[in-house]
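A structural walkthrough
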Amino acid sequence: MTRLTNRSAAIAVGIAFLVGLLASLAIRPIGDGSPATTAISDEGGVAVSPQLRWRVPIAFATNLPVLGDNILYVQNAVETASGGRIVMQLFEPGEIVPPFNIVDAVREGKVPAGYTWLGYDQGKIPASTLIAAVPFGMEPWEFSAWWFDAGGRQLAEALYAKYDVHPLYCGLIGPETAGWFREPIESLDDIAGLKIRFAGLGGKVIEQLGASVTMIPGGEIFQALEKGAIDASEYSLPIVDEALGFDRIAKINYFPGWHQPFSAAHLAVNKSVWDSLDAEQRGVFETACTAGVTRNLARSEAVQGPVLASFDSRGVSTLQLPEPVLRELERVAETVLTEEAERDEDFRTIYAAQREFRKAYARWKQLAYLPRDF
């Protein structure tokens, strides 16, 4: 009996020791960008103290290919480049912040940063759509050229500085599909009266053509289609839409993605937090995000072909919108963009800069690249 008692006491002491050890090593979430105090080890076994541990809500689920998994690449790049001194703790859509309210949470200091599509800010920051996606706008590489070398970055930073947010260009994908429909779109009459999920400036264009537009997060679209709350929806790339199951409900997938020829994602950082970082820390985030842009676009282009091929065996029709419909959409889009520019000074400034760049770029684009129908 004495031996059993001694053994029990020893076990209890051992458990208490382990609990204390684990507690001392635990990494505490730090939401304001302040220094972390816990230690991790580098490859040589030397203790490394994370300088930053950020809580980062995201707008797209990380299990979504291309659209959602890019932030995982960026997260790993940040931690690797910093030698474990900077850690991004990701939170899936809705876990701590609703997907459409990420920038608000960053601005208010509830979280130091968030990964999102800035077009969701359209209601409060009209010009946000111009650095997220523009109907009949720039192609992906063209937007990157404008951002990095033609003043786009500076314009975006000045826009968001008014809201105490610093935007880092952190992701880029190619054209979305024009949407998923139950019935064919053969003329503008087929758009009038549709209940459709649509985002950004494209939603305003479709609305002017008589559609009833609603905005819901990606994770809620399938259920809305299934229950008939909406007749059609646009969202993202074919591989993303397939992962969300749209092809099981609406069997007609239209192209091209006129409303979003490019879609840019940004890491929105609280400006006060950003200003508190040293040059090395900023460099880590900027380098990781720039790599994320390049890697994200490459992957978005690489994986669509097999998905489109698989649609044929599942009864999905992949069609292009009739040219007269596209021409009318372009005309209405130009009207919407002009009206937005007349109403908002920031929109007017950024839109003018984009138009000027595209005009200068157009000759090179026309001369240097093979015709699309070559």
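Refer to the structure above for everything that follows.
Residues numbered from 1 in each chain as written. Predicted model: local features only at pLDDT ≥ 70, side-chain atom pairs only at ≥ 80, totals over all residues. Heavy atoms only, no water.

What follows deals with the sheet that holds strand 5 (residues 113–116). Read across the sheet, 3 strands follow the order 5-12-6 without closing on themselves; strand pairing throughout is antiparallel. Edge strands, defined here as strands with exactly one partner in the open sheet, are strand 5 and strand 6 (165–173). Neighbour-to-neighbour, the strand axes of the sheet open up by a mean angle of 20 degrees, direction not taken into account. Judged from the 8 bridges that link them, strand 6 and strand 12 (residues 263–270) form a sheet pairing that is antiparallel. Residue pairing across strands places Pro-167 opposite Ala-268, the latter belonging to strand 12. (Pairing = 2+ DSSP bridges. Helix = DSSP H or I, 4+ residues; strand = E, 2+ residues; numbered from the N terminus. Axes fitted to C-alpha atoms, helices over the stretch in contact; angles between N-to-C directions.)

Taken as a whole and assessed by the stated rule, the structure comprises 1 disulfide. One disulfide in the model links Cys-170 with Cys-289; its S-S distance is 2.2 Å. Handedness of the Cys-170-Cys-289 disulfide follows from its S-S torsion of about -75 degrees: it is left-handed. In this pair, Cys-170 is assigned in strand 6 and Cys-289 in helix 10 (residues 279–302), connecting sequence segments 119 residues apart. Each member of the pair, Cys-170 as well as Cys-289, is classed as buried. (Disulfide = S-S within 2.5 Å. Buried < 20%, exposed > 50% of the residue type's maximum accessible area, 1.4 Å probe, protein only.)

The next thing to look at is the pattern of salt bridges. The final tally for this structure, using the stated rule, is 22 salt bridges. With its nearest N and O atoms 3.6 Å apart, the salt bridge here joins Glu-139 to Lys-365. Of this pair, Glu-139 sits in the loop between strand 5 and helix 4 (140–149) while Lys-365 sits in helix 13 (residues 345–368); the two residues are 226 residues apart in sequence, bridging distant segments of the chain. Residues Glu-142 and Lys-365 are paired through a salt bridge, measuring 3.2 Å at the closest nitrogen-oxygen approach. Taken together, the positions of Glu-142 in helix 4 and Lys-365 in helix 13 put the pair 223 residues apart, joining distant regions of the chain. Classification of Glu-142 as buried rests on a relative accessible area of 2%. A residue is classified by how much of its surface remains accessible, and Lys-365, at 25% relative accessible area, is partly exposed. (Salt bridge = Lys/Arg side-chain N within 4 Å of Asp/Glu carboxyl O.)

A few words on the sheet that holds strand 8 (residues 195–197). Within a sheet, each strand pairs with its neighbour through backbone hydrogen bonds, oriented either parallel or antiparallel. With respect to topology, 6 strands assemble into an open sheet ordered 9-8-10-7-11-13, the strand pairing being mixed. Whereas interior strands pair on both sides, the edge strands pair on one side only; in this sheet they are strand 9 (212–214) and strand 13 (317–320). For strand 8 and strand 10 (residues 232–233), the ladder comprises 2 bridges, and the chain directions are parallel. The residue of strand 10 that forms the bridge with Arg-197 is Ser-233.

Turning our eyes to something else, we now look at the packing of aromatic side chains. Tallied over the full model, the rule gives 18 aromatic pairs. Considering the side-chain rings of Phe-60 and Tyr-115, the 6.5 Å spacing of their centres and the 85 degrees angle between planes classify their relative orientation as edge-to-face. Of the two residues, Phe-60 is situated in the loop between strand 3 (52–57) and helix 2 (70–81) and Tyr-115 in strand 5; the sequence distance between them amounts to 55 residues. The buried category is assigned to Phe-60, whose relative accessible area is 5%. When its relative accessible area of 1% is taken as the criterion, Tyr-115 is described as buried. For the ring pair Phe-143 and Phe-262, a centre distance of 4.3 Å and an interplane angle of 15 degrees mean the geometry is stacked. Of this pair, Phe-143 sits in helix 4 while Phe-262 is found in the loop between strand 11 (252–255) and strand 12, placing the two residues 119 residues apart along the sequence. (Phe/Tyr/Trp six-rings, centres within 6.5 Å; stacked < 30°, edge-to-face > 60°.)

On to the pairing of strand 3, then. For strand 3, a buried count of 5 out of 6 residues is recorded, marking the element as mostly surrounded by other parts of the structure. For strand 3 and strand 4 (residues 86–91), the ladder comprises 6 bridges, and the chain directions are parallel. Each bridged residue has a counterpart across the sheet, and for Leu-52 the counterpart in strand 4 is Ile-86. Considered for its hand, the β-α-β crossover made up of strand 3, helix 2 and strand 4 is right-handed. (Right-handed = clockwise from strand over helix to strand, strands pointing away.)

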